[in-house]
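Chain by chain, the residues run as shown.
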Amino acid sequence: MSRVPNTLDTRVRPVFESLYQQDSSGRSWLGPLVNLGSRAEEIQPSLEPDALGALVQPPQFEYEVAPPLDFLEYLVRNPRRLKWPKDADGELRQYRPSVHQKRKALLAGSVSAEQEAIREIRQEQQKEPDPKLKGWWVLEGGSTIDCALFAEGFTLFVEGKRHEKTLKVHTNWYERRIQLYRNLDCLRVLPNRAERYGLLAIVEEGTPIYDEARAISRDFQFARSSWPHLDEAGAADLWSHFLGFTTWQQLAEQFPGVELPT
């Protein structure tokens, strides 16, 4: 049985390494890239290339980001909305005894467990964000971004998809939280991002996720379900930073020097 090509190796890394080699400042390609997003013109009309500035570092692949602490607090405050994760065999996932017991108590409605978790989360808010954050109350850990681009005036997270089965991959514990919008939420609280920021998803033409991307690209309520910790104004603002979708094929047409490995 043939191995499914890895999107990071066959699309994300070669494409963005090629763009960076062509122009390490990013000035000639970052703006046009952002504007390939299906929602870019609608939500970011003022993002002319000159406004984005130059890249301040090379593209960062598999960039690790910390989980939003306000979302972690929402989870421990709303244990009835949580669902205990299952392993591949369908059995409830087992954790270290001390972690397992506290999480079990939280889901059973223990006030003391909830208060302990909130207290520790508040303590973490006084520290630098940690992508490897540990604690029994960490019901969503850090995330890994396919490619992060840091420019003087804009920060862009890129999520690359090719042969993945679906864009609707959900997280553990809170099943309405979709990976794509979770990563945008992580970008919201990223301490070293620019004031202006966005997330762009790139998919492969002719695949099931291409049709799926078109269907969800304007569905605010679907995205909204991933951000239960934000009020309506906060969720609407975060939605305004979702640049939508483009395809690898459109990207290659926009930048003739970029090749797409098979």
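Refer to the structure presented above.
Just so it is clear, the structure is predicted and the values come from calculations on it, not from any experiment.

## Some details on the packing of aromatic side chains
Turning to step 1, where the next piece is worked out: Tallied over the entire structure, the rule returns 15 aromatic pairs.
Turning to step 2, where the next piece is worked out: With 5.7 Å between their ring centres and 80 degrees between their planes, Y181 and W227 make a pair best called edge-to-face. In this pair, Y181 is assigned in helix α8 (residues 179–188) and W227 in the loop between α10 (220–224) and α11 (232–239), connecting sequence segments 46 residues apart. Across this residue pair, the class does not change: Y181 and W227 are buried.
Turning to step 3, where the next piece is worked out: Here a set of aromatic residues connected by ring pairs shows up, and it is made of Y181, F220, F222, W227, W239, F242 and F245.
Turning to step 4, where the next piece is worked out: The positively charged end of R103 is found above the aromatic ring belonging to Y95, 4.5 Å away from the centroid.
Turning to step 5, where the next piece is worked out: The ring centre of F71 lies 3.7 Å from the NZ or CZ of R177, which sits over that ring.

## Digging into the pairing of strand β5 (residues 242–247)
Turning to step 1, where the next piece is worked out: With six of six residues buried, β5 lies mostly within the body of the structure.
Turning to step 2, where the next piece is worked out: Of the pairings in the sheet, the one linking strand β4 (residues 197–203) to β5 comprises five bridges and is parallel in character. The partner of A201 across the bridge, within β5, is F245.

## Considering the sheet that holds strand β1 (residues 60–65)
Turning to step 1, where the next piece is worked out: Strand order across the open sheet formed by five strands is β1-β2-β3-β4-β5, with mixed pairing between neighbours. The open sheet terminates on both sides in strands that have one partner only, identified here as β1 and β5. Averaged over all pairs of adjacent strands, the angle between strand axes in this sheet comes to 40 degrees, irrespective of strand direction.

## Overview of unusual backbone geometry
Turning to step 1, where the next piece is worked out: At E62, a residue that is not glycine, the phi angle is positive and equals roughly 50 degrees.
Turning to step 2, where the next piece is worked out: Position of E62 among the secondary structure elements: in strand β1.
Turning to step 3, where the next piece is worked out: Under the relative-accessibility criterion, E62 is labelled partly exposed at 44%.
Turning to step 4, where the next piece is worked out: With phi around 75 degrees, W173 is a residue other than glycine that occupies positive phi space.
Turning to step 5, where the next piece is worked out: Tracing the backbone shows W173 in the loop between β3 (155–160) and α8.
Turning to step 6, where the next piece is worked out: Taking the relative accessible area as the measure of exposure, W173 reaches 3% and is therefore buried.

Thresholds applied
Residues numbered from 1 in each chain as written. Predicted model: local features only at pLDDT ≥ 70, side-chain atom pairs only at ≥ 80, totals over all residues. Heavy atoms only, no water. Phe/Tyr/Trp six-rings, centres within 6.5 Å; stacked < 30°, edge-to-face > 60°. Helix = DSSP H or I, 4+ residues; strand = E, 2+ residues; numbered from the N terminus. Buried < 20%, exposed > 50% of the residue type's maximum accessible area, 1.4 Å probe, protein only. Lys NZ or Arg CZ within 6 Å of the ring centre and 35° of its normal. Pairing = 2+ DSSP bridges. Axes fitted to C-alpha atoms, helices over the stretch in contact; angles between N-to-C directions.

None of the figures reported here should be taken as evidence of function without further support.
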